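Residues per chain, in single letters:
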Amino acid sequence: MICWDLAFPEHAAFLAREGADMLVAPSAWEEPYQHAFHGFASSRARDHSLYVAAVNQTGESGPFSFFGESSLYAPDGKLQQQLHSGKPDIGSPHLDRAYQDSCRQTFYTMNQERRTDIFS
């Protein structure tokens, strides 16, 4: 996925149905939209019990200020790791496949059932 795709559940749903275990979303979200960036990334993880790496640009570009805060969300939507705000950084995330499988078996996700009354 890229950038604004985080805001739309349909793309994540398609990728999950195709067998994705993790979504990576390189992004260029600018201030003051940190709350939406993190909320959408967490929601996409929770929607489908996927890891989501939301990687955001940092620094200035013309009139825009990018906040960074690249983050990894666990399959239950919880923030697992967040990099420093406002400066380049490198993370080393841990992806626990057993935990992901547990989330898929015990935590409701949009992949378990499709509403046939609105989706064909």
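Procedures and definitions
Residues numbered from 1 in each chain as written. Predicted model: local features only at pLDDT ≥ 70, side-chain atom pairs only at ≥ 80, totals over all residues. Heavy atoms only, no water. Core = buried A, V, L, I, M, F, W, Y, C linked by side-chain atoms within 4.5 Å. Buried < 20%, exposed > 50% of the residue type's maximum accessible area, 1.4 Å probe, protein only. Helix = DSSP H or I, 4+ residues; strand = E, 2+ residues; numbered from the N terminus. Contact = heavy atoms within 4.5 Å. Pairing = 2+ DSSP bridges. Axes fitted to C-alpha atoms, helices over the stretch in contact; angles between N-to-C directions. Phe/Tyr/Trp six-rings, centres within 6.5 Å; stacked < 30°, edge-to-face > 60°.

K.L.:
Explain the nonpolar core to me, and be specific about the residues and the numbers.
P.N.:
Residues L6, L23, F37, A41 and V52 are the most contacted members of the largest nonpolar core, which totals 15 residues. Listed by contribution, the elements that provide at least two residues to this core are helix 1 (9–17), strand 1 (22–27), helix 2 (34–48) and strand 2 (51–56). The element that contributes the greatest number of residues to this core is helix 2, accounting for three residues. Every residue in contact with F37, bar those within four places of it in the chain, is listed here: L6, S27, W29, A54, V55, N56, F67, G68 and E69.

K.L.:
Requested: an account of the sheet that holds strand 1, with residues and values cited.
P.N.:
Read from one edge of the open sheet, four strands run 1-2-5-6, paired in mixed fashion. The open sheet has two free edges, formed respectively by strand 1 and strand 6 (79–82), since each of these has just one partner strand. Each strand axis lies, on average, 15° off the axis of its neighbour in the sheet, ignoring direction. As judged from the three bridges shared by strand 5 (residues 71–73) and strand 6, these two strands associate in the antiparallel manner. Note on strand 6: the bridge partner recorded for L72 is Q81.

K.L.:
Pulling in residues and values, what's your account of the packing of aromatic side chains?
P.N.:
Counted according to the given criterion, the structure contains seven aromatic pairs. Both rings, one in W4 and one in F8, keep their centres 5.8 Å apart while their planes meet at 85°; by these two values the pair is edge-to-face. Ring geometry for F37 versus F67: centroids 5.5 Å apart, planes at 75°, classification edge-to-face. With F37 in helix 2 and F67 in strand 4 (residues 64–67), this pair connects stretches of sequence that are 30 residues apart.

K.L.:
If you had to explain unusual backbone geometry to someone new, which residues and values would you point to?
P.N.:
For the bond from E31 to P32, the omega torsion is 10°, close enough to zero to count as cis. Tracing the backbone through its elements, the reader meets P32 in the loop between strand 1 and helix 2. Even without being glycine, S49 reaches a positive phi, approximately 50°. Tracing the chain through its elements places S49 in the loop between helix 2 and strand 2. The class for S49 is buried, based on a relative accessible area of 0%. In this structure, E69 takes a positive phi of about 55° despite not being glycine. Residue position: E69 is located in the loop between strand 4 and strand 5. The class of E69 is buried, set by a relative accessible area of 14%.

Interpretation in functional terms is not warranted from these geometric data alone.
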